[in-house]
Amino acid sequence: MAIRKKSTKSPPVLSHEFILQNHADIVSCVAMVFLLGLMFEITAKASIIFVTLQYNVTLPATEEQATESTSLYYYGIKDLATVFFYMLVAIIIHAIIQEYVLDKINRRMHFSKTKHSKFNESGQLSAFYLFSCIWGTFILISENYISDPTILWRAYPHNLMTFQMKFFYIAQLAYWFHAFPELYFQKTKKEDIPRQLVYIGLYLFHIAGAYLLNLNHLGLVLLVLHYFVEFLFHISRLFYFSDEKYQKGFSLWAVLFVLGRLLTLILSVLTVGFGLARAENQKLDFSAGNFNVLAVRIAVLASICITQAFMMWKFINFQLRRWREHSAFQAPAVKKKPTVTKGRSSRKGTENGVNGTVTSNGADSPRNRKEKSS
């Protein structure tokens, strides 16, 4: 009797399935390393760069303003470390929402694979858009953007930001950077990856552009406006998955989507094309963060207009596809009255299906040919 030799090879510790099933725990351990680093004097200086906001400036109190000194922030290369840490936090929050909210709903509703992935996408994005809208609106109200719209371009460059403003942009960049590893963790289909990459890339391009060009005031207003419209779409899609007769949310979203694109163009042209174009200081100065020159203004307006045109093109195609599907579903089937003929011609007419279209049980099937030959 032959004795089988035991295999000395051990399975890989970080296998593909292991990472997918335990990615939240792995990321949590990495984030805890940075937090625990704050407890020791040797590693505290390095951990602070990842956990807290950098590049703060304390302005002394003035007679016109508050009696206390204020702390403002500007951006720098160390912000990449902060974005990385909060990207890990975003992955953890994503996993919590997925496991404790969305997966429980999916088990109850018994969605198909296609609806399952779309439901998860809309569930995650609707939570993020709602949180960002509330946070951004709070900043707009606290800094008097609504009462004085000239803040969008007055006193440019806006290189000094409040804590809430800078933390908002860090959180936005961290969230959209976390979407790249989520494509792997969520087992996104290969055919959906190009669409997701374009989607994520557009967000990162515009958010980083507003942050680096010191157009954070304009960027905040446009983000809140865009996020509100996107939140309405995804929350309507969630209701649609629970009840397919629900269509009112999509109708309201269609109207607000067009209005949102118009408001985005109006605010962008008003701020960049008129407000910044009439500013006194129009010299390129990297040290002061001043990018108010003609070439930069044209590039900013061109990127915004091209993006809005691309979104409208996708929107029109989406609406046309829905209209075709709805009209095809509502159109009654045209039925021809069968003519009574003699012999085999009557049988041939019925085998060819409705309106002359050959069905799977038509006259040319192998079974019917066999019957004819017999």
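The rules we used
- Residues numbered from 1 in each chain as written.
- Predicted model: local features only at pLDDT ≥ 70, side-chain atom pairs only at ≥ 80, totals over all residues.
- Heavy atoms only, no water.
- Helix = DSSP H or I, 4+ residues; strand = E, 2+ residues; numbered from the N terminus.
- Buried < 20%, exposed > 50% of the residue type's maximum accessible area, 1.4 Å probe, protein only.
- Contact = heavy atoms within 4.5 Å.
- Areas by Shrake-Rupley, 256 points an atom, 1.4 Å probe, with all protein chains shown as cover.
- Lys, Arg positive; Asp, Glu negative; His and termini not counted.
- Salt bridge = Lys/Arg side-chain N within 4 Å of Asp/Glu carboxyl O.
- Polar contact = N/O pair within 3.5 Å; in protein donor to acceptor, adjacent residues only side chain to side chain.
- Expected span 1.5 Å × (residues − 1).
- Bend = angle between axes of the 7 residues up to and from the residue.
- Phe/Tyr/Trp six-rings, centres within 6.5 Å; stacked < 30°, edge-to-face > 60°.
- UniProt positions renumbered as here; feature names shortened; annotations may be inferred.
- Core = buried A, V, L, I, M, F, W, Y, C linked by side-chain atoms within 4.5 Å.
- Axes fitted to C-alpha atoms, helices over the stretch in contact; angles between N-to-C directions.
- Parallel < 35°, antiparallel > 145°, perpendicular 65-115°, else oblique.
- Left-handed = near helix turned anticlockwise from the far one by under 90°.

S.K.: Teacher, can you tell me more about the overall build of the protein chain here?
M.R.: When helices and strands are tallied, the protein chain shows eleven helices and two strands. Ordering the α and β elements of the protein chain from the N terminus gives α-α-β-β-α-α-α-α-α-α-α-α-α. Expressed as a percentage of the 374 residues in the protein chain, the buried residues total 34%. Put simply, of all contacts in the protein chain between residues at least 6 apart along the chain, 70% involve residues at least 24 apart. Just so you have it, the protein chain exposes about 24400 Å², and 66% of that area is on carbon and sulfur atoms.

S.K.: Got a minute to help me understand the side chain of arginine 261 in this structure?
M.R.: Along the chain, the position of arginine 261 falls in helix α8 (residues 248-275). Comment: no salt bridge for buried arginine 261; closest opposite-charge side chain is glutamate 230, at 5.5 Å. A polar contact is formed between the side chain of arginine 261 and the side chain of glutamine 308, at a distance of 2.4 Å.

S.K.: I tried to follow the pattern of salt bridges on my own but got confused; where do I start?
M.R.: Two side chains with opposite charge may pair up if their charged atoms get near one another. Under the defined criterion, the tally for this structure stands at four salt bridges. The shortest N-O distance in the salt bridge between lysine 166 and aspartate 79 comes to 3.1 Å. Remark: aspartate 79 occurs in helix α3 (residues 79-109) and lysine 166 occurs in helix α5 (residues 163-185); sequence separation between them is 87 residues. Residue glutamate 121 pairs with arginine 195 through a salt bridge whose shortest N-O separation is 3.9 Å. One end of the pair, glutamate 121, is in helix α4 (residues 113-142); the other, arginine 195, is in helix α6 (residues 193-212), and 74 residues separate them in sequence. Accessibility expressed as a relative area gives 42% for arginine 195, which makes it partly exposed. Put simply, Glu121, Arg195 and Arg237 are held in one network by salt bridges that share partners.

S.K.: Help me understand unusual backbone geometry in this model?
M.R.: Most peptide bonds take the trans form, and the phi angle of most residues other than glycine is negative. Backbone torsion omega between tyrosine 156 and proline 157 reads 10 degrees, so that peptide bond is classified as cis. Along the chain, proline 157 turns up in the loop between α4 and α5. One non-glycine residue, histidine 110, adopts positive backbone phi at about 55 degrees. Residue placement: histidine 110 occurs in the loop between α3 and α4. The exposure class assigned to histidine 110 is exposed, which follows from its relative accessible area of 65%. For asparagine 144, which is not a glycine, the phi torsion comes out positive at approximately 60 degrees. With respect to the helices and strands, the residue asparagine 144 is situated in the loop between α4 and α5.

S.K.: I tried to follow α5 on my own but got confused; where do I start?
M.R.: Note on helix geometry: an α-helix contains 3.6 residues per turn, so any two residues three or four positions apart are oriented the same way. When the terminal C-alpha atoms of α5 are compared, their 32 Å separation across 23 residues agrees well with the 33 Å that a helix rising 1.5 Å per residue should span. Remark: the principal bend of α5, roughly 30 degrees, maps to alanine 179, with a proline, proline 181, within the next four residues. Directly after α5, the chain includes lysine 187, whose backbone phi takes a positive value near 55 degrees.

S.K.: In this structure, what is going on with the packing of aromatic side chains? I would like to understand it.
M.R.: Here a ring pair, both rings aromatic, is described through the centre-centre distance and the interplanar angle of the planes. Throughout the structure, instances matching the rule amount to 41 aromatic pairs. With centroids separated by 5.7 Å and ring planes inclined at 40 degrees, the aromatic side chains of phenylalanine 163 and phenylalanine 167 adopt a geometry described as tilted. Here the residue phenylalanine 163 and the residue phenylalanine 167 both occupy positions in helix α5, the gap between them amounting to four residues, near one helical turn. Of the residues examined, phenylalanine 167 reaches a relative accessible area of 22% and is grouped as partly exposed. For the pair tryptophan 176 and tyrosine 203, a centre-to-centre distance of 4.0 Å together with 5 degrees between the ring planes defines the contact as stacked. You can see tryptophan 176 sitting in helix α5 and its partner tyrosine 203 sitting in helix α6, a full 27 residues away along the chain. Using a relative accessible area of 2% as the deciding quantity, one classes tryptophan 176 as buried. For tyrosine 203, a relative accessible area of 8% corresponds to the buried category.

S.K.: Is there a simple way to think about the UniProt feature "transmembrane region" (unreviewed entry) in the protein chain in this case?
M.R.: UniProt records the feature "transmembrane region" (unreviewed entry) for residues 26-51, 83-102, 123-147, 167-185, 197-214, 220-240, 252-274 and 294-316 in the present numbering. Within residues 26-51, the helical portion is 88% and the strand portion 0%, while the C-alpha atoms at the span's ends are 18 Å from each other. Annotation note: span residues 197-214, helix share 89%, strand share 0%, distance between end C-alpha atoms 25 Å.

S.K.: Please explain the nonpolar core as it appears in this structure.
M.R.: Counting 46 residues, the largest nonpolar core has Tyr129, Tyr169, Trp176, Ile207, Leu220 and Tyr227 as the members making the most contacts within it. If you list the elements that add at least two residues to this core, you get α1 (16-37), α3, α4, α5, α6 and α7 (216-242). When residues of this core are assigned to their parent elements, the largest contribution, eleven residues, is made by α5.

S.K.: Explain the packing of α5 against α7 to me, please; I cannot follow it from the model alone.
M.R.: Helix packing for two helices is described by the angle between their axes and how far apart those axes are. Two numbers describe how α5 lies on α7: the axes approach to 11 Å, and their chain directions differ by 55 degrees. Comparing their axes, α7 and α5 come out oblique. The element α5 and its partner α7 pack so that their crossing is left-handed. In this structure, α5 contributes Met165, Phe168, Tyr169, Gln172 and Trp176 to the contact, and α7 contributes Asn216, His217, Gly219, Leu220, Leu223 and Tyr227.

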